[in-house]
Amino acid sequence: MTELRVRRATAEDVDDMELLECQCFASPWSRESLLHELTENPLAVYFAAELRGHVVGYVGLWAIIDEGHITNVAVSPDCRRMGIGTALISTMLSATEKVGITRHTLEVRAGNEPAKGLYQKFDFEEAGLRKGYYEDNGEDAIIMWRTCSSLPAHER
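Okay, so let's go over this structure. No experiment lies behind these values; they were computed from the predicted model shown.

A few words on the environment of Val 73. Note on placement: Val 73 falls in strand β4 (residues 67-75). What makes Val 73 buried here is its relative accessible area of 17%. Separated by 42 residues in sequence, Val 73 and Ala 115 have C-alpha atoms that sit 9.1 Å apart. With residues up to four places along the chain from it excluded, the contact list for Val 73 reads Phe 25, Tyr 58, Val 59, Ile 89 and Tyr 119.

This is the structure in structure tokens:
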């Protein structure tokens, strides 16, 4: 997919990101929250995936000392299974590891097998459970962690 470009997200991407939030999540972040992340949160690092001039996915992270807490991963339902999530996670991990982030964590819905599979491809491992974490339906969240001491399984 040569036309895919992953780049740092900017405030100009907020409308597309808001649309992706609404398409991808039962409890989407607001436009104001996303704009705050992109313009005011000094801990936030966001990347956008652009395909044919349109933002079709993004990933967000809070960089806290040497840890990265992945806050959002969204890919347009029309563009899934095209490697966009893989490109976003790979770019984010590479960029944050270069600046000293050595561990990454995230929460994922217990029933979201495609997302868990994506994260496992990058050596994220299940490390805990947050019971009833998701407010929309009370679903549990799986806590996953990754330490950058090893190459992702797909690069071995």
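This part takes up the packing of aromatic side chains. For the coordinates displayed, the defined rule picks out three aromatic pairs. Across from the ring centre of Phe 47, 5.5 Å away, lies the NZ or CZ of Arg 8, which sits over that ring. Sitting over the ring of Trp 145, Arg 103 keeps its end group 4.1 Å from the ring centre.

Applying the stated criterion across every chain yields a total of eleven salt bridges. Between Arg 31 and Asp 15 there is a salt bridge whose closest N-O contact spans 2.8 Å. Placement of the pair is Arg 31 in helix α2 (residues 31-39) and Asp 15 in helix α1 (residues 14-24), with a sequence separation of 16 residues. Assessed through its relative accessible area of 45%, Asp 15 is described here as partly exposed. Residue Glu 139 is joined to Arg 109 by a salt bridge in which the shortest nitrogen-to-oxygen separation is 3.2 Å. Of this pair, Glu 139 sits in the loop between β6 (125-130) and β7 (141-147) while Arg 109 sits in strand β5 (residues 103-109), and the two are 30 residues apart along the sequence. Overlapping salt bridges bring together Arg 5, Arg 7, Asp 13 and Glu 50 as one network.

A general trend in soluble globular proteins is that nonpolar side chains are found buried together. Counting residues in hydrophobic clusters, the biggest one holds 27 residues, and the most contacted among them are Val 59, Ile 70, Ile 84, Ile 89, Met 92, Tyr 119 and Phe 124. Counting only elements with at least two residues in this core, the list comes to β2 (44-51), β3 (54-64), β4, α3 (84-98), β5, α4 (113-121) and β7. Here Ile 89 is in contact with Val 59, Val 73, Leu 118, Tyr 119 and Phe 122, once residues within four sequence places are set aside. With twelve residues, the next largest nonpolar core counts Val 14, Ala 44, Tyr 46 and Ala 74 among its residues.

Before going further, it helps to examine the packing of α3 against α4. Relative to each other, α3 and α4 sit at 45 degrees, their axes nearing to 10 Å. The angle between α3 and α4 falls in the class oblique. Judged by the twist between their axes, the crossing of α3 over α4 is right-handed. From α3, Gly 85, Thr 86 and Ile 89 reach across to α4, where they touch Leu 118, Tyr 119 and Lys 121. Looking at the contact of α3 with α4, its residues break down into three nonpolar, two polar and one charged.

Reading the values: rules and limits
Residues numbered from 1 in each chain as written. Predicted model: local features only at pLDDT ≥ 70, side-chain atom pairs only at ≥ 80, totals over all residues. Heavy atoms only, no water. Helix = DSSP H or I, 4+ residues; strand = E, 2+ residues; numbered from the N terminus. Buried < 20%, exposed > 50% of the residue type's maximum accessible area, 1.4 Å probe, protein only. Contact = heavy atoms within 4.5 Å. Phe/Tyr/Trp six-rings, centres within 6.5 Å; stacked < 30°, edge-to-face > 60°. Lys NZ or Arg CZ within 6 Å of the ring centre and 35° of its normal. Salt bridge = Lys/Arg side-chain N within 4 Å of Asp/Glu carboxyl O. Core = buried A, V, L, I, M, F, W, Y, C linked by side-chain atoms within 4.5 Å. Axes fitted to C-alpha atoms, helices over the stretch in contact; angles between N-to-C directions. Parallel < 35°, antiparallel > 145°, perpendicular 65-115°, else oblique. Left-handed = near helix turned anticlockwise from the far one by under 90°. Nonpolar A, V, L, I, M, F, W, Y, C, P; charged D, E, K, R; others polar.

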